[in-house]
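Structure assessment
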Amino acid sequence: MGNPLIRELIEALSDDEKRVKTEEPMKEHTTFKIGGSAEVMVFPESVEEIKNVICVAKKHSVNVFVLGNGSNLLVSDKGIKGIVIKLDANFSSVSSEGDTVYAFSGAHLSKIANVCLENSLSGFEFASGIPGTLGGAVKMNAGAYGGEMKDVVEYADCIDFEGNISTLTNEELDFSYRHSAIRDDMIVLGASMKFKYGDKALIKEQMRELNMRRKEKQPLEYPSAGSTFKRPEGYFAGKLIQDSGLKGYTVGGAQVSEKHSGFVINKDNATFSDVVNLIEDVKKTVHDKFGVELSEEVKIIR
C-alpha cells in the first residue's frame, strides 16, 4: 500500500495513528471468527473523518469496504484488499427526543433497544437481540419476530464513495425482505427512527422474552453469522434443511447446527472453504429434494 497512503489516513483521522491498523485479522472483527487480514482498517469517529478517509481512498484509487459488527459476514482467507472502514463503538452515539431516536450507524441494535426502553418507547423490541449495528441493519432491512427496520426508520443519512452526503426517506429506501435501496458504494451514517410510547415494564418483558427464545432456539454458543439463508417464499430454510436430513451435517470444522438447521456454525476452527463447501452442499441437497433454490443471507467476501 505504501507509506503515503497510511500517512494520509492518519492525517484524515486527526493524526491519531492508533486508529489506522495494517494487516488487521478479519476473524477478530466477524462473529464467524473466520477470515484473512484487512490490508488497512480505519476507525473514524465523525462524519468529517469518514469523508476524509473516502477522499484519501479516491485519491489513491483504493477500494473501500464498510464494516460494522461483522455479524453477517464470511471473509475468505485472502482477507480484504484496500481500506476497511470500521463503524462500531467508535461511531455509535444514540440520542432520543420525544418519540424519535437518532443513532449513528455503529450503534449496536441492543444499545438502541435499551435507549428505547429507558424512554418507554415501543417498537424496537424485535431488534434487541440481533447482534448487529444499525448501518448493516438498515442496509439489509434486518428483522426478527415479525418486526423489520422498515417499520421504524424515518430516514437514513448516507455518504457515497464520491463523498456526497444524502438523506433517504423510508419511501426512498425502498425496503423489502432483507433489502434496501442503499447501494454497495454507500455508507449509512445514521438513521432516525420513530416509535410509539408504551408501558416500560411490558417493553422490558417483551425484550426479555424474545431474547430467551433466541437463546433457547439458536446456537449462540458457537461462532456464526446468524441465519445463513434467506427465507424462500412459502418455506422456512431451517425446516427445508432439517427435512433434507442435514441437521448436524459437517464439512471440516463447519456444521449445520443441531440446535437450529438454519444456522451454519464454526464448530471447530472452520476455514472459509469448510463453510462455503457446506453451504453449497446444503443448497444442492435442498434443491434436489424439494426443488427449492436457497440463497445466502450471509454476505460472502471471496
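See above for the structure.
Residues numbered from 1 in each chain as written. Predicted model: local features only at pLDDT ≥ 70, side-chain atom pairs only at ≥ 80, totals over all residues. Heavy atoms only, no water.

Relative to the elements of secondary structure, Ser 261 occurs in the loop between β17 (254–256) and β18 (263–266). Under the relative-accessibility criterion, Ser 261 is labelled buried at 4%. When near neighbours in sequence (up to four residues on either side) are disregarded, Ser 261 contacts Gly 238, Ile 241, Gln 242, Lys 247 and Val 256. (Helix = DSSP H or I, 4+ residues; strand = E, 2+ residues; numbered from the N terminus. Buried < 20%, exposed > 50% of the residue type's maximum accessible area, 1.4 Å probe, protein only. Contact = heavy atoms within 4.5 Å.)

Another aspect to go through is the sheet that holds strand β7 (residues 100–104). One open sheet accounts for 5 strands, arranged β6-β7-β13-β11-β12; its pairing is antiparallel. Each of the sheet's edge strands pairs with one partner strand only, and the pair in question is β6 (94–97) and β12 (165–169). Taking the axes of each pair of neighbouring strands and ignoring which way they run, one obtains an average angle of 20° across the sheet. Where strand β11 (residues 153–160) meets strand β13 (residues 186–194), 7 bridges bridge the pair, whose relative direction is antiparallel. In the strand pairing of β13, Val 153 is matched with Met 193. (Pairing = 2+ DSSP bridges. Axes fitted to C-alpha atoms, helices over the stretch in contact; angles between N-to-C directions.)

For strand β5 (residues 80–86), the buried fraction is high: 6 of the 7 residues fall into the buried class. Here strand β2 (residues 37–42) pairs with β5 via 4 bridges, running parallel. Looking at the pairing, Ala 38 lines up with Ile 80 of β5. Direction of pairing for strand β3 (residues 64–67) relative to β5: parallel, over a ladder of 4 bridges. Paired with Val 66 across the bridge in β5 is Ile 85.

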